[in-house]
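These are the residues of each chain, in order.
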Amino acid sequence: MIRLLARNIIRFIILILVQVLLLDNVLLGGYLNPYFYVLFILLMPFETPRWLLLVAGFLLGLSIDLFTNTLGMHTAAAVLMAFMRPWVLSMFAPRDGYEPETYPRIHYYGFGWFAGYAAILTFMHHLVLFYVEVFHFQYFFTTLLRVILSTALTTSTIILSQFFIFRK
Amino acid sequence: MRGLLLLLRKYNYVLVFILLETLAIIMLSNNNRYQHSILVNANREITGTLFEAVEGAREYMNLGATNKILVEENTRLRNRIRALDEQLGDTVVNSGQVGDYFFFPAEIVHSTLYKQFNYLTINKGRRQGVASDMGVIGPQGIVGIVLESSDNYSTVIPVINRDFRLSVKISKNNFVGILSWEGMSHRVASLNEIPFHADVAIGDSIVTSGYSAVFPEGLFVGNVKEVEQQEGNFYIIRIQLGTDFQKLFHVNVINNFNREEQVELEASLKQ
């Protein structure tokens with residue numbers, strides 16, 4: 001239990017540092033920016049109570065916001081993502097549910113499962129984030145395109161990371 | 001009752017979600033100017049309509065007091081007209097533009113009185129010609145300055161807001177100082193930068209200086225209530241404000257026709 005907690009805290013810190021020090025300086029094709037840090041919410045254990053998920057999402061978004069000077073934007077997106085996670089998990093649940101002692105990773109539930117789970121939650125996060133950033137529906141489709149492209153980028157980065165860094 | 005408690009226990013995470021998301025939006029609005037202006041504009045339209053209805057009832061109940069204040073103002077204005085008539089005598093007045101300033105009426109639909117940063121909302125906006133930096137006066141003296149306008153409502157930053165600054169002068173000897181508010185009583189403001197050699201007495205009236213493009217010269221602000229001498233070269237003066245914000249409903253917005261010209265000229269001098 002303590003080990004699990006420590007691992008999550010270290011992951012939290014590393015993901016924030018990678019995001020603000022490295023990835024926030026990466027801009028592909030003008031406005032594609034991967035928001036890799038959402039991986040933290042994806043990897044939290046299945047048994048995490050919902051309120052803890054929400055609080056973790058809040059702290060995660062807030063930390064990113066503090067670094068990027070966009071107070072509230074990432075927080076709103078991350079909280080919503082944490083709120084949706086239990087539904088998405090139950091949507092993708094295998095026939096006899098998730099087994100104890102397993103974690104939401106490719107290693108346990110396969111590539112297809114993880115890709116779908118990560119893509120949907122990342123999409124929700126990006127949807128909120130980009131629309132809050134623009135804050136009106138005037139350029140609805142331009143923003144939607146940005147959401148979709150960035151979701152693809154973030155999701156593929158997350159999946160790649162599963163093979164190299166966070167294997168278990 | 002037990003059912004309700006059970007429901008709450010089962011869905012308490014929804015409450016946590018709403019709480020955290022609200023917090024995020026509050027942070028968003030407080031710290032990002034762009035999102036803030038859009039939220040405030042939308043909000044002003046909605047709350048403006050609501051407050052106007054409530055204020056309508058309140059106004060009705062206070063008709064008596066309002067009438068009395070208006071009658072007093074009428075009398076004062078009539079006296080002034082007579083005095084001016086006498087001064088003018090037979091001299092011919094240049095016709096054409098009546099003045100550089102135009103007054104138009106508005107009503108306060110919402111106001112805060114007991115905060116450090118108070119604001120008023122009035123029921124006139126861009127469509128009625130109200131824009132930022134226009135002055136607002138009431139029957140008993142100056143009220144504030146328009147901060148932002150949406151289509152049909154405007155936010156006014158009143159004298160009783162700690163961000164408020166206005167150049168005013170002592171009516172009898174034209175010494176100019178800065179009017180501000182220290183956040184204490186909504187009837188008392190302070191006047192700074194009046195030097196020691198100026199002659200100030202309790203009861204002296206304070207009027208606008210006309211140095212900014214917002215108010216014309218000579219509008220009533222209040223009376224001197226207290227004069228303190230401290231170290232340094234300036235008095236600390238407390239002013240009893242003419243306007244009682246608690247009883248304020250009808251105000252006038254002042255449009256200065258030459259404001260843009262004056263602002264432009266002053267800006268070009270600074271360069």
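Shown above is the structure to which this text applies.
All figures in this text were calculated on a predicted structure; none of them were measured in a lab.

*Asks:* Hey, could you go over the pairing of strand β7 (residues 176-180) of chain B for me, with residue numbers and the actual values?
*Replies:* All names here are of chain B. Looking at chain direction, strand β6 (residues 166-170) and β7 are connected through 4 bridges and run antiparallel. Bridging across to β7, serine 167 finds its partner in isoleucine 178. Hairpin connection of β6 to β7: 5 residues between the antiparallel strands, including asparagine 174 at a positive phi of 65 degrees. As paired strands, β7 and strand β8 (residues 188-192) are joined by 3 bridges and run antiparallel to one another. Considered in β8, the bridge of isoleucine 178 is made with asparagine 192.

*Asks:* Break down the interface of chain A and chain B for me, with residues and values.
*Replies:* The accessible area lost on association of the parts is a frequent measure of interface size. Taken together, the contact pairs 16 residues of chain A with 15 residues of chain B. Looking at the side of chain A that touches chain B element by element, the count peaks at 6 residues for helix α4 (residues 73-91) of chain A.

*Asks:* Pulling in residues and values, what's your account of the environment of Asn41(B)?
*Replies:* Here Asn41(B) lies in helix α3 (residues 33-61). Taking C-alpha positions, Asn41(B) is 9.8 Å from Thr155(B), a pair spaced 114 residues apart along the chain.

*Asks:* Tell me about the packing of helix α1 (residues 2-22) of chain A against helix α3 (residues 50-68) of chain A, and name the residues and values.
*Replies:* Residue and element names in this part refer to chain A. Where α1 meets α3, the closest approach of the two axes is 10 Å, and the angle between their N-to-C directions is 30 degrees. Relative to α3, the element α1 is oriented roughly parallel. Here the hand of the crossing between α1 and α3 comes out right-handed. Counted together, Phe12, Ile16, Gln19 and Val20 of α1 and Leu60, Ser63, Ile64, Phe67 and Thr68 of α3 form the full contact between these two elements. Here the contact of α1 with α3 is composed, by residue class, of 6 nonpolar, 3 polar and no charged.

*Asks:* Account for the sheet that holds strand β10 (residues 220-229) of chain B, with residues named and values stated.
*Replies:* Residues and elements named next belong to chain B. On the basis of which strands lie adjacent, the closed barrel formed by 6 strands has the order β6-β7-β8-β11-β10-β9 and antiparallel pairing. Sheet twist, expressed as the mean angle between neighbouring strand axes with direction ignored, is 45 degrees. Examined bridge by bridge, β8 and strand β11 (residues 235-241) share 4 bridges and lie antiparallel to one another. Residue pairing across strands places leucine 191 opposite isoleucine 237, the latter belonging to β11.

*Asks:* Mind laying out the sheet that holds strand β5 (residues 154-158) of chain B, listing which residues take part and the relevant values?
*Replies:* In a beta sheet, neighbouring strands are held together by backbone hydrogen bonds and run either parallel or antiparallel to one another. All names here are of chain B. Spatially, the 6 strands close up into a barrel ordered β1-β2-β5-β4-β3-β12, and their pairing is antiparallel. Taking each pair of neighbouring strands and ignoring which way they run, the sheet shows an average axis angle of 45 degrees. α3 contacts β1 (101-111), β2 (120-122) and β5 of the sheet and is inclined by roughly 85 degrees relative to β1.

*Asks:* Hey, could you go over the environment of Glu52(B) for me, with residue numbers and the actual values?
*Replies:* Residues and elements named next belong to chain B. By the element assignment, glutamate 52 lies in helix α3. The exposure class of glutamate 52 is partly exposed, given the 18 C-beta atoms found within 10 Å. For glutamate 52, the contacting residues outside a window of four places in its chain are Val109 and Asn123.

About the cut-offs
Residues numbered from 1 in each chain as written. Chains lettered and ligands numbered in written order. Predicted model: local features only at pLDDT ≥ 70, side-chain atom pairs only at ≥ 80, totals over all residues. Pairing = 2+ DSSP bridges. Helix = DSSP H or I, 4+ residues; strand = E, 2+ residues; numbered from the N terminus. Contact = placed C-beta atoms within 7 Å. Axes fitted to C-alpha atoms, helices over the stretch in contact; angles between N-to-C directions. Parallel < 35°, antiparallel > 145°, perpendicular 65-115°, else oblique. Left-handed = near helix turned anticlockwise from the far one by under 90°. Nonpolar A, V, L, I, M, F, W, Y, C, P; charged D, E, K, R; others polar. Buried ≥ 20, exposed ≤ 12 C-beta atoms within 10 Å, placed from the backbone.

Read these as layout, nothing more, since geometry by itself doesn't imply function.
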